[in-house]
Amino acid sequence: DALTANANQEIWVYQLPAIDDQFDLTTGDEIPFAPLAAGTFRQVTDTAPSRTLLATVTLPDVIDDNRDATISDDGNTIAFISTRNLVPGVGNADFNPELFFCRTTNGFAPGSNTFAQGTATQDAVVGPKTFNRFQSNPSLSFDGNVVAFLSTANLAASNDDDGSGHGNEEVYVADFSGSGLTNI
């Protein structure tokens, strides 16, 4: 009921039920029908919404504080965008859309998730203009150790030819160490 009341998007993981590994898909075997209802949902994020719901709207009102989730092939790393302050030691006090990671080795069981903040950007004021900084669309490598994403921040000091902070959206690739980004 609380999730429905605040309408904030949260990140969830659904673990498929185990499938018998006696089938060799390389020979053309088909996996038999398996009821997916036996799987397990696990909540990854649980954040307070950045604003209250609009009371007088004709379309559904959704608060998308947590979005653009992607998961590694082994299922142990999730990259996503959030406007919330999930890693207070790094901080997201201005609530910019930042790149976050959730890494686990225990199937996303409650209390086993480790969060890391990949970016920490603030809106830049250059002259009379403010350029919004944001990250979006993360994509992980198979093992979750490399991430590609879009950003309007000047993360590698390479998308700003004259130093005036144009805020162009660029594609970045970085290594994820489990606690932060390197080799951006």
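Higher on the page you've got the structure.
The structure displayed is predicted, hence computed values, not measured ones.

In this section: the overall build of the protein. The helix and strand inventory of the protein stands at 1 helix and 12 strands. When the elements of the protein are put in sequence order from the N terminus, they spell out α-β-β-β-β-β-β-β-β-β-β-β-β. The burial tally for the protein puts 37% of its 184 residues in the buried class. Considering only contacts in the protein between residues 6 or more positions apart, those separated by 24 or more positions represent 50%. About 10700 Å² of surface is accessible on the protein, with carbon and sulfur atoms providing 53% of the total.

This paragraph deals with the pattern of salt bridges. Taken as a whole, this structure holds 2 salt bridges when the rule is applied. Arg67 is paired through a salt bridge with Asp64; the nearest N and O atoms lie 3.7 Å apart. For Asp64, a relative accessible area of 36% translates into the label partly exposed. Note that Arg84 and Asp65 form a salt bridge whose closest N and O atoms lie 4.0 Å from each other. Of this pair, Arg84 sits in the loop between strand S4 (77-82) and strand S5 (98-103) while Asp65 sits in the loop between strand S2 (40-43) and strand S3 (66-71), and the two are 19 residues apart along the sequence. Asp65 shares its class with Arg84; the two are buried.

The 4 strands are arranged S3-S4-S5-S6 in an open sheet whose pairing can be described as antiparallel. Each edge of the sheet is formed by a strand with only one pairing partner; in this case those strands are S3 and strand S6 (114-117). Put simply, the sheet's adjacent strands are angled 25° from each other on average, direction ignored. In this structure, S3 lies alongside S4, joined through 4 bridges in antiparallel fashion. Among the inter-strand pairings, Ile71 is bridged to a residue of S4, identified as Ile78.

The next thing to look at is the nonpolar core. The nonpolar side chains of a soluble globular protein tend to be buried, and buried together. Core analysis: the largest hydrophobic core is formed by 12 residues, namely Ala79, Ile81, Leu99, Phe101, Ala116, Leu140, Val147, Phe149, Tyr172, Ala174, Phe176 and Leu181. Those elements that place two or more of their residues in this core are S4, S5, strand S10 (146-151) and strand S11 (170-176). With 3 residues, S11 is the single largest residue contributor to this core. Excluding its chain neighbours within four sequence positions, the residues that come into contact with Phe176 are Thr77, Phe101, Arg103, Ala116, Gly144, Asn145, Val146 and Leu181. Formed by 8 residues, the second largest nonpolar core is a distinct cluster that contains Ile11, Phe80, Phe100 and Cys102.

Looking now at the sheet that holds strand S9 (residues 135-140). Read from one edge of the open sheet, 4 strands run S9-S10-S11-S12, paired in antiparallel fashion. A strand with exactly one partner marks an edge of an open sheet, and here the two such strands are S9 and strand S12 (181-182).

Let's shift gears to unusual backbone geometry. Backbone geometry places Asp68, a non-glycine residue, at a positive phi of 55°. Position of Asp68 among the secondary structure elements: in strand S3. Owing to a relative accessible area of 31%, Asp68 belongs among the partly exposed residues under this scheme. Even without glycine at this site, Asn137 takes up a positive phi of about 50°.

A full pass over the atoms with the stated rule returns 5 aromatic pairs. With 6.4 Å between their ring centres and 85° between their planes, Phe80 and Phe115 make a pair best called edge-to-face. Here Phe115 lies in strand S6 and Phe80 lies in strand S4, a separation of 35 residues in the sequence. Ring centres 5.9 Å apart and planes at 25° place the aromatic pair Phe149 and Tyr172 in the stacked group. Within this pair, whereas Phe149 is found in strand S10, its partner Tyr172 is found in strand S11, the two being separated by 23 residues in sequence. With a relative accessible area of 5%, Tyr172 lands in the buried category. Chaining the aromatic ring pairs together yields one cluster made of Phe80, Phe100 and Phe115.

The rules we used
Residues numbered from 1 in each chain as written. Predicted model: local features only at pLDDT ≥ 70, side-chain atom pairs only at ≥ 80, totals over all residues. Heavy atoms only, no water. Helix = DSSP H or I, 4+ residues; strand = E, 2+ residues; numbered from the N terminus. Buried < 20%, exposed > 50% of the residue type's maximum accessible area, 1.4 Å probe, protein only. Contact = heavy atoms within 4.5 Å. Areas by Shrake-Rupley, 256 points an atom, 1.4 Å probe, with all protein chains shown as cover. Salt bridge = Lys/Arg side-chain N within 4 Å of Asp/Glu carboxyl O. Pairing = 2+ DSSP bridges. Axes fitted to C-alpha atoms, helices over the stretch in contact; angles between N-to-C directions. Core = buried A, V, L, I, M, F, W, Y, C linked by side-chain atoms within 4.5 Å. Phe/Tyr/Trp six-rings, centres within 6.5 Å; stacked < 30°, edge-to-face > 60°.

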